[in-house]
Amino acid sequence: MEESYNSIVEFRIIPECLEKISEDSKVWLAVAISNILISDKQLAPEEKGYFKDAVMMVENEDLQKQLLEAMKNREILEMGDLTDDREFAGHFFFFLGMLIAADGKIKNSEVKMLSKICGKLGFPPDSSRMVLSWVSELIKLNNDRNKIIEELKELKPVFV
């Protein structure tokens, strides 16, 4: 299956930043990523790289197998509160917001999961609405960008 370039520009966690995050936080983030993807009901081509990153983020082979099994069986994993690395909590939240927008659509199941994760991050419920509003604007901007790119393809080159 061919990946679409019409999706949101990929936003990935920079490997050097992962070195600053504790193992417990990596596990928490990997489970959160997996749960968002599972809640989507189908793994879009634009989302496959995120799941691969989630699996590779954790060093524990048993947990890696658990993530793969959960995705295969479409089973949401239990997740606790993010208590470590609080300075990254906001970054994680926006990253997860970007993840639900990766395929250019926001589904109700993803919104519910993001709201649940909002509580696990220790943020008040209205924080979820702020992130979703930002993500919705990002999707609109991305759609506008794609439309302009298509229009630019039709222009004859004018070299100055």
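Residues numbered from 1 in each chain as written. Predicted model: local features only at pLDDT ≥ 70, side-chain atom pairs only at ≥ 80, totals over all residues. Heavy atoms only, no water.

Within an unreviewed UniProt entry, the label attached to the chain reads Co-chaperone DjlA N-terminal domain-containing protein, and the organism entered is marine metagenome.

**With respect to helix 5 (residues 89–100)**
Our working rule: The helix and strand labels rest on DSSP assignments: H or I over at least four residues marks a helix, E over at least two residues marks a strand, and numbering proceeds from the N terminus. One less than the number of residues in a helix, times 1.5 Å, gives the span that helix is expected to have. Whether a residue is buried, partly exposed or exposed follows from its accessible area with a 1.4 Å probe, protein chains only, as a fraction of its type maximum: under 20%, in between, or over 50%, in that order. Residue contacts are counted whenever heavy atoms from the two residues lie within 4.5 Å of one another.
Helix length check: helix 5 (12 residues) gives 17 Å between terminal C-alpha atoms against 16 Å at 1.5 Å per residue, within 8%. Of all the 12 residues making up helix 5, 9 are buried; the element is thus mostly covered by neighbouring parts of the structure. Where helix 5 is concerned, the buried positions are A89, F92, F93, F95, L96, G97, M98, L99 and I100. Among the structural elements, helix 2 (23–39), helix 3 (48–57), helix 6 (108–120) and helix 7 (126–153) are those in contact with the buried residues of helix 5.

**Thoughts on a negative patch on the surface**
Condition: Each patch is built from salt-bridge-free residues with over 30% relative accessible area, joining like charges within 9 Å and nonpolar side chains (Val, Leu, Ile, Met, Phe, Trp, Tyr) within 5 Å. Computed by Shrake-Rupley with a 1.4 Å probe, the accessible areas treat only the displayed protein chains as cover when residues are assessed. Definition used for salt bridges: Asp or Glu carboxyl oxygen within 4 Å of a side-chain nitrogen of Lys or Arg. A residue counts as positive if it is Lys or Arg and as negative if it is Asp or Glu; His and the chain ends are not included. For this purpose, a charge sits on NZ of Lys, CZ of Arg, CG of Asp or CD of Glu.
On the surface, a cluster of negative charge is contributed by E23, D24, E59 and D84. Along the chain, the position of E59 falls in the loop between helix 3 and helix 4 (61–73).

**Some words on the packing of helix 2 against helix 5**
Just so we agree on the cut-off: Here an angle of 0 to 180 degrees is reported between the N-to-C directions of two axes, which are lines fitted to C-alpha atoms, with helices fitted over the stretch in contact. Any angle between 65 and 115 degrees counts as roughly perpendicular, while under 35 counts as roughly parallel, over 145 as roughly antiparallel, and the rest as oblique. Each crossing gets its hand from how the near helix is turned against the far one by less than a right angle, where anticlockwise is left-handed and clockwise is right-handed.
Between helix 2 and helix 5, the shortest axis-to-axis distance is 10 Å and the interhelical angle comes to 25°. Considering the angle they form, helix 2 stands roughly parallel to helix 5. Handedness of the helix 2/helix 5 crossing: right-handed. Together, S25, W28, L29, A32, I33, I36 and L37 of helix 2 and F92, F95, L96, L99 and I100 of helix 5 make up the contact between the two elements.

**A word on the nonpolar core**
To be explicit about the condition: We call a set of buried Ala, Val, Leu, Ile, Met, Phe, Trp, Tyr and Cys residues a nonpolar core when their side-chain atoms join them within 4.5 Å.
The biggest cluster of nonpolar side chains holds 43 residues, and the ones touching the most others in it are W28, I33, L96 and I117. Within the residue set of this core, elements represented by two or more residues are helix 2, helix 3, helix 4, helix 5, helix 6 and helix 7. For this core, the element with the highest residue contribution is helix 2, accounting for 9 residues. What L96 contacts, discounting residues up to four positions off in sequence, is W28, L29, A32, I33, I36, L114 and I117.

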